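For reference, the chains in residue letters:
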Amino acid sequence: MNATLICLAVGLVLGLAGAFGGFSAFAIVAILGALGFGVGRYLDGHLDLADLFSTERERAHR
């Protein structure tokens, strides 16, 4: 298992533990799952945060 899958699972489990029932529980689990997935992708080196926050001009000069 890589860090992406582990962090995704942790985010989903935390979401389930933090909320039970209804649409709000679904939303919390989805948000925490996405957050866990993003952290895992970053830890695996598949997500570069500099690309998310750089401007088009900065990308053209690379």
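Quick note: structure is the one above.
A few points on the structure. For every chain, the first residue of the written sequence is number 1, and numbering continues from 1 along that sequence. Side-chain atom pairs in this predicted model are given and counted only at pLDDT of 80 or more, local residue features only at pLDDT of at least 70, and totals for whole chains, interfaces and linings cover all residues. Excluded from the side-chain calculation are hydrogens and water; included are all heavy atoms of the structure.

**What to know about the side chain of Thr-4**
- Relative to the helices and strands, Thr-4 is located in helix H1 (residues 3–18).
- Only protein chains enter the calculation, and the probe is 1.4 Å; a residue is then buried if its accessible area is under 20% of its type maximum, exposed if over 50%, and partly exposed in between. You can call Thr-4 buried: its relative accessible area is 5%. Helix and strand definitions follow DSSP, with helices as H or I runs of at least four residues and strands as E runs of at least two, each counted in order from the N terminus.

**Observations concerning H1**
- Compared with the 22 Å implied by 1.5 Å per residue over 16 residues, the 22 Å span of H1 between its first and last C-alpha is a close match.
- Within H1 the residues assigned to the buried category are Thr-4, Cys-7, Gly-11 and Gly-15. An end-on view of H1 places all buried positions within 75 degrees of arc, on one side of the element. What points out from H1, more than 90 degrees from its buried face, is the exposed set Val-13 and Ala-17. By definition here, a helix of n residues has an expected span of 1.5 Å times n minus one. Arc definition: it is the arc formed by the directions from the helix axis to the C-beta atoms.

**What to know about the environment of Leu-12**
- Structurally, Leu-12 is set in helix H1.
- C-alpha of Leu-12 to C-alpha of Leu-32: the two residues are 20 residues apart in sequence and 6.2 Å apart in space.
- Look past the residues within four positions of Leu-12 in its chain and what remains in contact with it is Val-29 and Gly-33. Contacts are assigned to residue pairs that have any heavy atoms within 4.5 Å of one another.

Read these as layout, nothing more, since geometry by itself doesn't imply function.
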